[in-house]
Amino acid sequence: MKPEENAKKLTLYALLDSVSVTGAYRFVITPGKETAIDVTSRLFPRKKIEKIGIAPLTSMFFYGRT
C-alpha cells in the first residue's frame, strides 16, 4: 500500500511468532533531515524465559549490489 501524497508519517505493523514468544510491533516512521522511528511492542512469552536480550537492528542491508 502506498502512503497518501501529503502524508507526514508511515505506520507499519509486524507480527512475531516463535517457539518462545509471540507478539506484535508498530513502527511509526517520520522522514525528514533525520528519519525518526517510534517503536511500540507487546510481547507474550509462551514459556519461561531464562535470559532475555535486546539487540539493535542493522542498516548493513541498505548497501551493496544485492
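Just so we're clear, the structure is a prediction, and the values are computed from it rather than from any experiment. (Residues numbered from 1 in each chain as written. Predicted model: local features only at pLDDT ≥ 70, side-chain atom pairs only at ≥ 80, totals over all residues. Heavy atoms only, no water.)

Some thoughts on the overall build of the protein
- A count of helical and extended segments in the protein gives zero helices and three strands.
- Start at the N end of the protein and walk to the C end: the helices and strands fall as β-β-β.
- Across the protein, the fraction of contacts at a sequence separation of at least 24, relative to all contacts at a separation of at least 6, is 19%.
- For the protein, the computed accessible surface area is about 6,900 Å², with 58% contributed by carbon and sulfur atoms. (Helix = DSSP H or I, 4+ residues; strand = E, 2+ residues; numbered from the N terminus. Contact = heavy atoms within 4.5 Å. Areas by Shrake-Rupley, 256 points an atom, 1.4 Å probe, with all protein chains shown as cover.)

A look at the pattern of salt bridges
- Overall, the coordinates contain one salt bridge when judged by the stated rule.
- The salt bridge involving Asp17 is made with Arg46; its shortest N-O contact spans 2.9 Å. With Asp17 in strand 1 (residues 10–17) and Arg46 in the segment after strand 3 (36–45), the pair connects residues that are 29 residues apart, well separated along the chain.
- On the basis of relative accessibility, which here comes to 61%, the residue Asp17 falls in the exposed class.
- A residue is classified by how much of its surface remains accessible, and Arg46, at 47% relative accessible area, is partly exposed. (Salt bridge = Lys/Arg side-chain N within 4 Å of Asp/Glu carboxyl O. Buried < 20%, exposed > 50% of the residue type's maximum accessible area, 1.4 Å probe, protein only.)

Overview of the sheet that holds strand 3
- Ordered in space as 1-2-3, the three strands form an open sheet in which the pairing is antiparallel. Each edge of the open sheet carries a strand with a single partner, namely strand 1 and strand 3. Within this sheet the neighbouring strands show an average axis-to-axis angle of 15°, counted without direction.
- Here eight bridges tie strand 1 to strand 2 (residues 21–30), and the two strands are oriented antiparallel to one another. When the bridges of strand 2 are listed, Leu16 appears paired with Gly23. (Pairing = 2+ DSSP bridges. Axes fitted to C-alpha atoms, helices over the stretch in contact; angles between N-to-C directions.)

Take it as geometry only, folks, not as evidence of what the structure does.
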